[in-house]
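Listed here are the chains, written in short residue letters.
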Amino acid sequence: MNVEELVREALREQADAQPPVPAGFADRVLGVRRRRRTRRLLSVAAATAAVVAVAVGVPLLHPGGNEVRPAAVPAPAGIRSHPDQSPPRELIAAGRTAMAAYYTRRTVPQGGDRGVTHRTYWLLNPETGRYEKDARWSFVAVAPGLRTAAVLERTLPAARIGLLDLATGEVERWIPVSHGVAGLAFSDDGRRLVATAYSANPDQAVKVADAGNTGRTDWGPWWQGKVRTGFHVVDVSSGKATWSAVPPGRNDIGRLDFAFSRTGDLVYCQAVGGRDGMQQFYDLTGRKAAAPADERHLRSDVPARLSPDGRLGAWGLVAEPHRMSYSAIRDPLTGEEIGRARGAQLLAWADDRRLIAWERDPERKEYRDRLVLVTIGEKGVVPLSGYRKPNAEYHQQEWNPVFAER
C-alpha cells in the first residue's frame, strides 16, 4: 500500500467514526449563510448611511409653529432609566455614560448678610447600582470606570485630596497639596486630576434682593470673592502634584474651576465677560493659551462638549417653540451649526449620535426639567429621570447630576 492509499484509508476511518449528519443540516447551513450575508448587507448599509450623514451634515431639526409634543420613546435595551424617580435612587445610564453621583445645595447663614453654600452628595455604589448619601464631602469628582472618586473634606479650601473606593466607601489614600483646593476634575483617561486652588471658600454667598420683586431675599455669589489662585495637576498613581499659579482676572468672582482639555495638554475654565459661555485656556504652567482647534467654538456652560469621536460639538440653546427646547450641534472646527438635538442643556454624550440632556416640561408654566436621552436630528426623547422641582435658593434646581464614563 503506497502513501496515497494509506492517507485515503485513514480519512475513511475518521469519517466512519463521526456521527451521521442530522436531517436538514445543509438547509440550516445555507440559512445561516443567508442570515450572515443579510447582516453584512445591513451593516454596510448602516455604515454607508452614517458616512453620508457626516458628509452632508447632521440632520437639522427645524422647529415649527404647529409642532406638537412628541411622545416619549421607550427605553432601548442597555439603557438604565427611572422616569418615576426624582432624585434618582437607582442607576441612570445610557451608552458610554452613567450618572455617577448627584448633589443638592443649601446655603447656611454665617451671620449678617453672609452665608456659605454647601453640597450634599449621593454616590453610586457600583456593587448595588443604587445612590447612597455620603455627607462627608464638600466636592466629589468620579473617575472613568465608576470605581474611584476624588473627594474633598467639608472645610474648604482643603489641604488634601482623598481617593475614595465607591464600593466600600473607604478612602484608600490621601494626597496632600501645597495650596488649598476646592474643585476637582479628572482627565479623560482618569490618570490625572486638576485641582483648583482658592485662598478662601469660593462658595461664599451674600443676600441679594429678589429680581422678581416678590419681597423674598435670595442668596447669590459673594461679589468680592476673587479668591482663585491657580491649580495643581495631580498624577493619581504616584500622588505627585505640580503647582501653577494663575493671577485672578478682573471679573473673576467665586467658583471658577479648571478642567482638562480633550487631549489633557491644557486646562480651561469659564471666563466671565460680555457673553455667556466664554472660556479661557491655560497651559500646564499656568500661562494663558489659545484654544485647541477643535474646542475653540465650544461653550464653558455646555458640559457635553466634544462627541467621543471628536467630530461634533455640543452647543447651547437655540430655540424653544411652544416651550420645547432645542440645542445646537456644531462643527467643532468651524463653529457652523450642522444639526440640532432636543434639550435645554446638553450634559454628556452617550455615543457619537446621542446625548443626555435636560428637557423642560412643556405642560407647566414654572420651569422644571428631567434627564432625557436625545438623538441628533430626532424629536423623540427617552426619559431617564423624573422631573426636578425648583429650589427656592437663587432659582436653582433640587438636585444636580455628576456624570462619568463607565
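Keep in mind that this is a model prediction, so the values were computed, not measured.

Colleague: What's the story with the side chain of arginine 388 in this structure? I'm lost.
Modeller: Looking at the element boundaries, arginine 388 is found in the loop between β24 (381–383) and β25 (400–405). A distance of 2.6 Å separates the side chain of arginine 388 from the backbone oxygen of tryptophan 399, its partner in a polar contact.

Colleague: Teacher, can you tell me more about unusual backbone geometry here?
Modeller: A negative phi angle characterises most non-glycine residues, just as the trans form characterises most peptide bonds. Look at the link from serine 86 to proline 87: it is a cis peptide, with omega at -5 degrees. Turning to its location among the elements, proline 87 is positioned in the loop between α2 (25–56) and β1 (93–94). That bond from leucine 156 to proline 157 is cis: its omega, 0 degrees, falls within 30 degrees of zero. Here proline 157 is to be found in the loop between β6 (148–153) and β7 (158–165). Even without being glycine, leucine 146 reaches a positive phi, approximately 60 degrees. Classification of leucine 146 by relative accessible area gives buried; the value is 10%. Its identity as a non-glycine residue notwithstanding, arginine 305 has a phi of 55 degrees, on the positive side. With respect to the element layout, arginine 305 can be found in the loop between β17 (288–289) and β18 (313–319). Judged by its relative accessible area of 8%, arginine 305 is buried.

Colleague: Looking at this structure, how should I read the sheet that holds β24?
Modeller: Strand pairing in a sheet is mediated by backbone hydrogen bonds. Such pairs are either parallel or antiparallel. Read from one edge to the other, the open sheet built from 4 strands follows the order β21-β22-β23-β24, with strand pairing classed as antiparallel. The open sheet is flanked by β21 (345–349) and β24, the only strands paired with a single partner. Strand-to-strand twist in this sheet, taken as the mean axis angle between neighbours without regard to direction, amounts to 35 degrees. In this structure, strand β22 (residues 354–360) lies alongside strand β23 (residues 369–375), joined through 7 bridges in antiparallel fashion. Residue pairing for β23: isoleucine 356 is matched across the bridge by leucine 373.

Colleague: It is not clear to me how the environment of tyrosine 326 should be interpreted in this structure. Could you clarify?
Modeller: Structurally, the position occupied by tyrosine 326 is in strand β19 (residues 326–330). For tyrosine 326, a relative accessible area of 0% gives the class buried. The spacing of tyrosine 326 and glutamate 359 is 33 residues in sequence and 8.9 Å in space, taken between C-alpha atoms.

Colleague: Would you mind going over the side chain of asparagine 400 with me for this structure?
Modeller: The residue asparagine 400 is located in strand β25 in this model. For asparagine 400, a relative accessible area of 11% corresponds to the buried category. Among residues more than four places away in sequence, those in contact with asparagine 400 are Ala101, Tyr102, Tyr103, Arg105 and Arg388.

Colleague: How do you make sense of the confidence of the model for the protein chain when you look at a structure like this?
Modeller: The predicted coordinates of low-pLDDT regions are not to be read in fine detail. Per-residue pLDDT for the protein chain has a mean of 83; in total, 75% of the residues score no lower than 70. In the model, residues 1–57 has pLDDT below 50 throughout and makes 7 contacts with residues more than four positions away in sequence or in other chains. The model gives residues 62–71 a pLDDT under 50, and that stretch makes 25 contacts with residues more than four places away or in other chains.

Colleague: Can you walk me through the nonpolar core in this structure?
Modeller: A general tendency of soluble globular proteins is for nonpolar side chains to be buried together. Counting 57 residues, the largest nonpolar core has Ile161, Leu184 and Leu371 as its most contacted members. The contact partners of leucine 184, leaving out residues within four places of it in the chain, are Phe139, Ala141, Ala150, Val151, Leu152, Ile161, Leu193, Val194 and Ala195. Grouped together as the second largest cluster of nonpolar side chains are 15 residues, Ile338, Leu346, Leu355 and Ala357 included.

Colleague: How do you make sense of the environment of arginine 80 when you look at a structure like this?
Modeller: Tracing the backbone through its elements, the reader meets arginine 80 in the loop between α2 and β1. Taking the relative accessible area as the measure of exposure, arginine 80 reaches 39% and is therefore partly exposed. With 18 residues separating them in the primary sequence, arginine 80 and alanine 98 have C-alpha atoms 8.8 Å apart. Excluding residues within four positions of it along the chain, arginine 80 makes contact with Leu91, Ile92, Ala93 and Leu384.

So, how was this worked out
Throughout, a residue's number is its position along its own chain's written sequence, starting from 1. Residue-level local features of this predicted model are given only where pLDDT is at least 70; pairs of side-chain atoms are given and counted only at 80 or more, and the full residue set underlies all totals for whole chains, interfaces and linings. Only hydrogens and water are set aside when side-chain values are computed; all heavy atoms of the structure are taken into account. Per the convention used, a helix needs a DSSP run of H or I reaching at least four residues, while a strand needs a run of E reaching at least two, with both numbered from the N terminus. Contacts described as polar in this section are N or O atom pairs within 3.5 Å, which, within protein, must combine one atom able to donate a hydrogen with one able to accept it, while residues neighboring in sequence count only if both atoms come from side chains. Residue burial is assigned from relative accessible area. The probe radius is 1.4 Å, only protein chains are included, and a residue is buried under 20% of its type maximum, exposed over 50%, and partly exposed in between. When DSSP locates at least two bridges between a pair of strands, those strands are taken to pair. Only the stretch in contact is used when a helix axis is fitted, and all axes are lines through C-alpha atoms; the angle between N-to-C directions ranges over 0 to 180 degrees. In what follows, residue pairs with any heavy atoms lying within 4.5 Å of each other are defined as contacts. By definition, pLDDT measures how confident the predictor is in each residue, and it falls between 0 and 100. What is meant by a nonpolar core is a set of buried Ala, Val, Leu, Ile, Met, Phe, Trp, Tyr and Cys residues, joined one to another through side-chain atoms within 4.5 Å.

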